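Now for the letters of each chain:
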Number of protein chains: 2
Amino acid sequence: MYNIGVDVGGTSVKAGLVKEGEIVFKNSQETDKIGGVEALANNIISLVNEIVEKCSVKIEEVGTIGIGVPGMVNKHGEIVCVNIGIKNGNLIELLEKEFPTCKIDIANDANVAALAEYAFGSMKGYNSGIMLTLGTGVGSGIIINGKLVTGAHGIGAEIGHITIDKNYFDCNCGNNGCFETFCSATAIIKYAQKLIGEGRESLILEKAKNIENITAKDVFDSYREKDIVAVEVIDRFKNYLGLGIGNIINFIDPDVISIGGGVSNASDIIFDGLEEIIRKYVVFKGVEIADVVIAKFKNDAGILGASAL
Amino acid sequence: MYNIGVDVGGTSVKAGLVKEGEIVFKNSQETDKIGGVEALANNIISLVNEIVEKCSVKIEEVGTIGIGVPGMVNKHGEIVCVNIGIKNGNLIELLEKEFPTCKIDIANDANVAALAEYAFGSMKGYNSGIMLTLGTGVGSGIIINGKLVTGAHGIGAEIGHITIDKNYFDCNCGNNGCFETFCSATAIIKYAQKLIGEGRESLILEKAKNIENITAKDVFDSYREKDIVAVEVIDRFKNYLGLGIGNIINFIDPDVISIGGGVSNASDIIFDGLEEIIRKYVVFKGVEIADVVIAKFKNDAGILGASAL
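Not measured: the values here are computed from a predicted model.

Student: Honestly, the overall build of chain A in this entry has me stumped. Any pointers?
Tutor: Secondary structure assignment for chain A yields 11 helices and 13 strands. For 309 residues, the compact-globule estimate of 2.2 N^0.38 gives 19 Å, and the C-alpha radius of gyration of chain A, at 20 Å, lies within 12% of that figure. Taken along the three principal axes of its C-alpha coordinates, chain A extends 60 × 45 × 35 Å. Residues counted as buried form 54% of the 309 residues belonging to chain A. In chain A, the proportion of contacts linking residues at least 24 apart, taken out of those at least 6 apart, comes to 62%.

Written out as structure tokens, the structure is:
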């Protein structure tokens, strides 16, 4: 038996035939952002049909078609993905009509990434785990007792929007002090820009040439060269990451926390001394706490995780 | 079949024979705070023996003896209850030896209170729920898919120690900005004392006579009389309660959140406008969110919840 995992992104829809945690074949199409849920269904239908044809697999041999979407899935299975122009659509219904022998399941892409790590990657073998994807924002996925926890109304696992302090700029969501305004790549860039904008000299600017072009990588690279501004930015980032992970432990005390996303490319810097910072924020002292690990998958997490839905 | 629930407190150990969510008989003893885990086991053994004798029930008719303790229960069932002098003790082993036909189970008292509300009270019929006990501190219990979630290492469900902002005083746990430093009875009292200590005039002081004696009830009573300081204190409290509940929804999105503890006696004041404040902090707008309800049980929550372990 096979599963198909579909990773719906803002620019492309990727699909893959998966057997025992390995992608056997994958294909992709440009995301149709104009046609709403019907267009997305058509994207997926043609990718799935191409897969079964090219791989000489019968559709009856595909157990589950799992789909990760960049947005919210409510408890009725309806999806809201603002950045691909879907305000409310029942994708499951459309796909079930086309593939009546397959189980169709949809989840938010951050949840799907968590599932990939849980089923096949860095959280494999643990009972409960939380995935934090530190990128443009902070995505998260929660697994408890082997099950994805997306909440009673499909609006949970938004750990990036937990308020943890006051911050000097507001979050895109309209609130102030969200975890992701301290611990995303964007947060690192903005804080470097703030310090440099205040007249501080830094290698970061040499690397980026222009304050507008600063990347998280510039900041991490400058940190390696002991640039004082970079050290200040990364120390702040790590303190808040420790605080945020401490909050997660105080709340739900998982077996493992996996860190992925672009920021995790600098895992040597991030992980150095992180446990000590986390323990500062955990209310019980001297006890066993969650393992904090680095995510295994980069680009294939979406397909693999969706296939495990 | 019966269950027995035991509520271990700092001053007394209470036990009750429970059938179908009703306490048939209850008794209590002063807590032996000197003799460690053996003394606590003896407390419980004599209470249980008295119950079965007085009620003419055979011990074989008691399915579970559940115990709520004011402290931490680790994944090996060992308890750490600093305020009753138990640093590390295997209560389960001692009780299993005495009552070999009964299932023995232990949980933290805040978790037990959550279970009482879930099994018999304000959260009955819901799938997932979170109980917040707003008293001297903020206790919490988490139920997901009908099961108590205490964490992988027994250190979860400490929502009172989630960092949510900076505060002007440190928490007892050593950190700054814990939820309970904003939303407990203690937090209300301290903030009223701070404002009055800064020279503000208030009805609160008239009621309490002395700044040291201010109670949360004094503040709520003064709020009813539109005292400006009381309004400022309660508005601050409610804003942070909304933020904290918003954090819970963004994190785990439960079906229901139940508020208990001494502060919940002023539920008319607390609940007035609370949903609007909560929605401000929930990242998804215009969606269904958790019902926020008032807890049903006061004194019997410990016995009832423990009996449902």
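Anyway, onward from the coordinates.
Student: Just checking my understanding: could you explain helix H5 (residues 185–197) of chain B for this structure?
Tutor: Along an α-helix, a turn takes 3.6 residues, which lines up residues three or four apart on a common side. Residue and element names in this part refer to chain B. Along its 13 residues, H5 runs 18 Å from first to last C-alpha, staying within 8% of the 18 Å computed at 1.5 Å per residue. Listed in full, the buried residues belonging to H5 are Ala-185, Thr-186, Ala-187, Ile-188, Ile-189, Tyr-191 and Ala-192. Contacts made by the buried residues of H5 are with strand S9 (129–134), helix H4 (180–183), helix H6 (203–208), helix H7 (216–224) and helix H8 (228–252).

Student: So what exactly am I meant to see when it comes to the relation of the copies chain A and chain B here?
Tutor: Both copies of the chain are related by a screw-like operation: a rotation about an axis and a shift along it. When chain A is fitted onto chain B, the two copies agree to an RMSD of 0.0 Å after a turn of 180 degrees and an axial shift of 0.0 Å. What the rotation and shift describe, once combined, is the action of a two-fold rotation axis. Of all interface residues in chain A, 100% are interface residues in chain B too; the two copies therefore contact each other through one and the same surface.

Student: Any chance you could explain the sheet that holds strand S1 (residues 2–8) of chain B here in plain terms?
Tutor: As a general point, the strands of a sheet are linked pairwise by backbone hydrogen bonds and lie either parallel or antiparallel. Residues and elements named next belong to chain B. In spatial order, the strands read S3-S2-S1-S4-S8; together these five strands make up an open sheet with mixed pairing. The open sheet has two edge strands, strand S3 (22–30) and strand S8 (103–108), and neither has a second partner. Taking the axes of each pair of neighbouring strands and ignoring which way they run, one obtains an average angle of 20 degrees across the sheet. As judged from the eight bridges shared by strand S2 (residues 12–19) and S3, these two strands associate in the antiparallel manner. Bridge pairing in S3 places Ser-12 opposite Glu-30. Running over the sheet, helix H2 (residues 91–98) touches strand S4 (62–69) and S8 and is turned about 155 degrees from S8.

Student: Any chance you could explain the nonpolar core here in plain terms?
Tutor: Grouped together as the largest cluster of nonpolar side chains are 220 residues, with contacts concentrated most on Val-219 of chain A together with Val-219 of chain B. Other than its neighbours up to four places away in sequence, Val-219 of chain A contacts Ile-188, Ala-192, Ile-204, Ile-214, Ala-230, Val-233 and Ile-234 of chain A.

Student: How should I be thinking about the confidence of the model for chain A in this particular structure?
Tutor: Predicted coordinates in areas of low pLDDT are best not read in detail. The share of residues in chain A with pLDDT of 70 or more is 100%, and the mean pLDDT across the chain is 94. Two numbers describe this predicted complex: its pTM, 0.91, and its ipTM, 0.91.

Student: Would you take a moment to explain the sheet that holds strand S10 (residues 138–144) of chain B for this structure?
Tutor: Residues and elements named next belong to chain B. What the five strands build is an open sheet, ordered S11-S10-S9-S12-S13; its pairing is mixed. Pairing within the sheet leaves two strands with one partner each, and these edge strands are strand S11 (147–148) and strand S13 (291–294). Where S9 meets strand S12 (residues 256–260), five bridges bridge the pair, whose relative direction is parallel. Paired with Leu-132 across the two strands is Ile-259, which belongs to S12. Contacts between helix H3 (residues 109–120) and the sheet are confined to S9, S10, S11 and S12, with S10 contributing the most and set at about 50 degrees to the helix.

Student: Would you explain the packing of helix H1 (residues 36–54) of chain B against H2 of chain B in this entry?
Tutor: For any two helices packed against each other, the geometry is given by the interaxial angle and the distance between the axes. All names here are of chain B. The geometry of H1 relative to H2 is characterised by a closest axis approach of 10 Å and an angle of 40 degrees between their N-to-C directions. The orientation of H1 relative to H2 falls into the category oblique. Like other packed secondary-structure pairs, H1 and H2 cross with a definite hand, here right-handed. Contacts between H1 and H2 involve Val-37, Glu-38, Leu-40, Ala-41, Ile-44 and Ile-45 from the former and Leu-91, Leu-94, Leu-95 and Glu-98 from the latter.

Student: Before we go on, may I ask you to explain the domain arrangement of chain A in this structure?
Tutor: A common way to report how large an interface is uses the accessible area buried once the components associate. Taken domain by domain, chain A consists of domain 1 (2–101) and domain 2 (126–294). Computed from C-alpha coordinates alone, the two centres of domain 1 of chain A and domain 2 of chain A are separated by 31 Å.

Student: Looking at this model, I keep getting lost on H7 of chain B. Mind explaining?
Tutor: All names here are of chain B. Those residues of H7 not exposed but buried are Ala-216, Asp-218, Val-219, Phe-220, Ser-222 and Tyr-223. Where H7 is buried, its residues contact H5, H6, H8 and helix H9 (267–271). Remark: Lys-226 follows H7 within two positions and exhibits a positive phi of approximately 60 degrees.

Student: What should I look at first to understand the interface of chain A and chain B in this one?
Tutor: The interface of chain A with chain B comprises 37 residues on the first partner and 37 residues on the second. With six residues, helix H8 (residues 228–252) of chain A is the largest single contributor of residues to the side of chain A that touches chain B. Considered class by class, the residues forming the side of chain A that touches chain B number 20 nonpolar, 11 polar and six charged.

Student: What's the story with unusual backbone geometry in this structure? I'm lost.
Tutor: Outside of glycine, negative phi angles account for most residues, and trans bonds account for most peptide bonds. Residue and element names in this part refer to chain A. One non-glycine residue with positive phi stands out, namely Glu-20, at about 50 degrees. Inspection of the secondary structure puts Glu-20 in the loop between strand S2 (12–19) and strand S3 (22–30). Residue classification places Glu-20 among the exposed residues on the basis of 9 C-beta atoms within 10 Å.

Student: Looking at this structure, how should I read the pairing of S9 of chain B?
Tutor: If a strand is regular, its side chains alternate between the two faces of the sheet. Residues and elements named next belong to chain B. Most of S9 is tucked away, with six of its six residues classed as buried. Residues Gly-129, Met-131 and Thr-133 of S9 are buried on one face, and the alternating residues Ile-130, Leu-132 and Leu-134, pointing to the opposite face, are buried as well. Between S9 and S10, which pair antiparallel in sequence order, lie three residues.

Student: What am I meant to see in the environment of Ile-162 of chain A here?
Tutor: Examined against the element boundaries, Ile-162 of chain A turns out to sit in the loop between strand S11 (147–148) and helix H4 (180–183). Residue Ile-162 of chain A is classed as buried on the basis of its C-beta count, with 28 C-beta atoms lying within 10 Å. In this structure, the C-alpha to C-alpha distance between Ile-162 of chain A and Glu-198 of chain A, residues 36 residues apart in sequence, is 29 Å. When residues no more than four places from it in sequence are discounted, the contact partners of Ile-162 of chain A are Cys-178, Phe-179 and Asn-247 of chain A together with Asn-247, Asn-250 and Phe-251 of chain B.

Definitions and cut-offs
Residues numbered from 1 in each chain as written. Chains lettered and ligands numbered in written order. Predicted model: local features only at pLDDT ≥ 70, side-chain atom pairs only at ≥ 80, totals over all residues. Helix = DSSP H or I, 4+ residues; strand = E, 2+ residues; numbered from the N terminus. Rg over C-alpha atoms; globule rule 2.2 N^0.38 Å. Buried ≥ 20, exposed ≤ 12 C-beta atoms within 10 Å, placed from the backbone. Contact = placed C-beta atoms within 7 Å. Expected span 1.5 Å × (residues − 1). Least-squares fit on C-alpha atoms with pLDDT ≥ 70 in both. Pairing = 2+ DSSP bridges. Axes fitted to C-alpha atoms, helices over the stretch in contact; angles between N-to-C directions. Core = buried A, V, L, I, M, F, W, Y, C linked by C-beta atoms within 7 Å. pLDDT = per-residue confidence, 0-100. Parallel < 35°, antiparallel > 145°, perpendicular 65-115°, else oblique. Left-handed = near helix turned anticlockwise from the far one by under 90°. Domains from an automatic or database assignment. Nonpolar A, V, L, I, M, F, W, Y, C, P; charged D, E, K, R; others polar.

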